[in-house]
Amino acid sequence: MPRSLTLTLVAAALLLSGCANLAPHYERPAAVVPAVYPAASADGPAIASLAWGDFFADAKLRRLIELALANNRDLRVAILNIEQARAQYRVQDAQTLPSVNAAGSGTAARTPAGLSGTGAAVTSHQYSANLGVSAYELDLFGRVRNLSDQALQQFLATEEARHATQISLVGEVTTTYLNWAADLERLALARETLRSQGESYRLTQTRFELGAASALTLRQLQTSVESARVDVARYTGQVAQDRNALALLLGAQVPQAQEPDALGDTLNALPELPAGVPSDLLQRRPDLLQSEHQLKAATANIGAARAAFYPRISLTATAGSGSADLSGLFKAGSGSWSFIPQISLPIFDGGANQANLDSAMAARDIAVAQYEKAIQTAFREVADALAQRSAVGDQLQAQTALVQASGEVLQMSQARFDRGVDSYLDVLDAQRTWYSARQTLIVTRLARLNNGVTLYKALGGGWSTPQS
């Protein structure tokens, strides 16, 4: 067989490959969620065009997010998983093309006189050089192509998993940073309370020694001082833990210049986000895209399982040159070839092929259920964030008014005590109420900021690069 014939057979094999595809036609499952969100807003920038660098106004926070994206080990693993999945896809996709190998060999053999037909010892040599295609499968029923599609969809799913990991990382860094800033405010408030209560305690102690204050008043003040001291110790430890948590996310120590100050106006500059419609999530939430790619991979696997019921045809062919002398290896008349087609038809396999198909069908149904569940979860996350956005806004207004009212009550209680109208117990109760209201106000402000971050994540923001 001449080399041209071998090449013709290879070309024919390529044309015959993929004549049929037994995989089911893929259709995206319907979104099993309402058509609109409750309390949705249509105002604000488009979420798809709003990168995290445009969403977060605090320059310190943006720098910390950049450090986390560069150094975080979980994100690094996600990126390496993409590289591994890409390589696995390339390995599988290579099976759709024949592999051509070059081979050369040389043998020498001596036959003793007793075994040779001539009665004398014979030494023989054989040399060959060939190009060959080894066991190339004609993909008549799409088995190889479906396996390649499955590997491709797994690779794409891994890439979306990396995007989802980045969204989570941006959110975790932001939340930890905000918690740190809030704990710094609570620590500052506790220290301020300890200082003021300490001054009041020392003045009351002097008055007690002069007989102008009772022992009960002194002890009541002491309980207030010790309570503030407990809070200072607690929030000091919490601030240290916040630093450690952020360092873990960054994959490095937190630069001193990037440490938060407090929940100031800069952090409050988060834009209002439009909720859009639930179907938008299918195009922008990486976890939903990842789940859909996994569903497509499961669908392709059904085609590969169905193809196992049909014959498999493979071709092995070589063309080259052979000679008994090395010098004559490439001379005229030394050409050689071989052609070995092979067909394999399943007759009896104990039900293994049917079991593999049943398993593939069940895996596809599981993937459909998981995809629908992912959509429902995404819808709930957005709906919850929207509901909390309205509620936390009202709570913040009410808590601000409570702080102002409790501060006025404290001033009046202190004035009545100074005039001897009320006992110091009323002042102490007013102080505790005011202190608790101020601490709760910090928590409420933190909840409002975290709600904005949660909504941004739920709507699919956070993995695109900042706009320059």
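Our subject is the structure that appears above.
Residues numbered from 1 in each chain as written. Predicted model: local features only at pLDDT ≥ 70, side-chain atom pairs only at ≥ 80, totals over all residues. Heavy atoms only, no water.

Colleague: Lay out the packing of aromatic side chains in plain terms, naming residues and giving numbers.
Modeller: Per the counting criterion, the structure on display carries 2 aromatic pairs. Relative to Tyr 456, the ring of Phe 56 has its centre 6.1 Å away and its plane inclined at 90°; by these criteria the two rings are edge-to-face. Of the two residues, Phe 56 is situated in the loop between helix H2 (52–55) and helix H3 (59–71) and Tyr 456 in helix H10 (residues 424–458); the sequence distance between them amounts to 400 residues. Residue classification places Phe 56 among the buried positions, given a relative accessible area of 2%. For the cation-ring pair, Arg 234 lies above Tyr 235, with the distance from its terminal atom to the ring centre recorded as 5.0 Å. (Phe/Tyr/Trp six-rings, centres within 6.5 Å; stacked < 30°, edge-to-face > 60°. Helix = DSSP H or I, 4+ residues; strand = E, 2+ residues; numbered from the N terminus. Buried < 20%, exposed > 50% of the residue type's maximum accessible area, 1.4 Å probe, protein only. Lys NZ or Arg CZ within 6 Å of the ring centre and 35° of its normal.)

Colleague: Residue-level account of the side chain of Ser 413, with values.
Modeller: Among the structural elements, Ser 413 can be located in helix H9 (residues 352–418). The residues contacting Ser 413, other than those within four sequence positions of it, are Asp 426, Val 427 and Ala 430. (Contact = heavy atoms within 4.5 Å.)

Colleague: Quick one: what's the story with the packing of H3 against helix H6 (residues 215–250), residue by residue and with numbers?
Modeller: In contact at an axis separation of 7 Å, H3 and H6 are set at 50° when each is read in the N-to-C sense. With respect to H6, the axis of H3 lies oblique. Contacts between H3 and H6 involve Leu 64, Leu 67, Ala 68 and Asn 71 on the former and, on the latter, Leu 246, Leu 249 and Leu 250. Here the residues of the contact of H3 with H6 sort into 6 nonpolar, 1 polar and no charged. (Axes fitted to C-alpha atoms, helices over the stretch in contact; angles between N-to-C directions. Parallel < 35°, antiparallel > 145°, perpendicular 65-115°, else oblique. Nonpolar A, V, L, I, M, F, W, Y, C, P; charged D, E, K, R; others polar.)

Colleague: Before we move on, can you summarise the pairing of strand S3 (residues 312–323) with the specific residues and values?
Modeller: In regular strands, side chains alternate between the two faces of the sheet. Summarising the sheet, strand S2 (residues 122–138) and S3 pair through 10 bridges and their orientation is antiparallel. Within S3, the residue paired with Ala 129 across the bridge is Ser 321. Relative to strand S4 (residues 335–344), S3 runs antiparallel, the two being bridged by 10 bridges. Along S4, the bridge assignment pairs Ser 321 with Gly 335. (Pairing = 2+ DSSP bridges.)

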